[in-house]
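# What the coordinates show
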Amino acid sequence: MQIHLISVGNRMPEWVKQGYEEYVKRLPKECELVLKEITPGQRGKNCDVARIVRDEGVKMQAAMPAGAHTVSLDLTGKAWSTPALAQALQRWQGYGKPVALLVGGPDGLADSIKGQAEESWCLSALTFPHPLVRIIVAEQIYRAWSILHNHPYHR
């Protein structure tokens, strides 16, 4: 199974790349995590934020693999425990199709993306910087995989 982390944002600091890659390399091929970066729209003093978010949504839609099970990461989503994420991962594997985890930019996800998501996941009630979200998601996917495979990582 491939999990596509489709995230608005690019040009991340080296520590973000290193942190993300640390967990990606630990995952086996049957649970591959693939990052697809969406270039954010230009924001300025008098920008049209609604249009920018819609445009980012169009780019996200184009980056999704055909037939993917879509999961938005959004404050209005369900807050999962790590064991619940492991159950979700097991369920996703049973679908036999790619999964698209969708992370919006600084102004959130486009309504079109939220509306088509089959599930919505809230990482936390806390606000995280977008670069850190990538690392958290990668680590939690690895942790969920380790639970399913009785790996000692999760204790």
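Let us look at the structure shown here. Every chain is numbered independently, its residues counted from 1 as its sequence is written. Given that this is a predicted model, residues contribute local features only at a pLDDT of at least 70 and side-chain atom pairs are listed and counted only at 80 or more, while totals for whole chains, interfaces and linings are drawn from all residues. With hydrogens and water excluded, all non-hydrogen atoms of the structure serve as input to the side-chain values.

### Re the layout of surface pockets
Formally: The way it works is a 1 Å grid over only the protein atoms, where trapped points that fit a 1.4 Å probe form a cavity and open points with protein on both sides within 12 Å along at least five of seven lines form a pocket, and then any residue with an atom within 4 Å of a point lines it. Grid points are joined across faces, edges and corners, and a volume is the space filled by probe spheres set on the points. A helix here means a DSSP run of H or I that spans at least four residues, while a strand means a run of E at least two residues long, and both kinds are numbered starting from the N terminus. All amino acids are sorted into three groups, where Ala, Val, Leu, Ile, Met, Phe, Trp, Tyr, Cys and Pro are nonpolar, Asp, Glu, Lys and Arg are charged, and the leftover types, Gly among them, are polar.
Considering only enclosed or pocket space, the largest pocket measures out at about 390 Å³ in volume. In this structure, the largest pocket is lined by 19 residues; those nearest its centre are Leu73, Asp74, Leu75, His130 and Val133. Every element with two or more residues in the lining of the largest pocket is listed here: β3 (69–79), β5 (119–122) and α5 (130–148). The leading source of residues in the lining of the largest pocket is β3, at 3 residues. Residue composition of the lining of the largest pocket, grouped by class: 11 nonpolar, 6 polar and 2 charged.

### Notes on the pattern of salt bridges
As a reminder, the rule being used: We define a salt bridge as a side-chain nitrogen of Lys or Arg found within 4 Å of a carboxyl oxygen belonging to Asp or Glu. Burial status follows relative accessibility: with a 1.4 Å probe on protein chains alone, a residue under 20% of its type maximum counts as buried, one over 50% as exposed, and anything between as partly exposed.
Applying the stated criterion to the full structure yields 10 salt bridges. In this structure, Arg26 engages Glu22 in a salt bridge whose closest nitrogen and oxygen atoms are separated by 3.0 Å. Given a relative accessible area of 28%, Glu22 falls into the partly exposed group. Glu119 serves as the salt-bridge partner of Arg91, at 2.8 Å between the closest nitrogen and oxygen. With Arg91 in helix α3 (residues 82–95) and Glu119 in strand β5, this residue pair connects regions lying 28 residues apart in the sequence. You can call Arg91 partly exposed: its relative accessible area is 33%. A single salt-bridge network, built from bridges that share partners, covers Glu22, Lys25 and Arg26.

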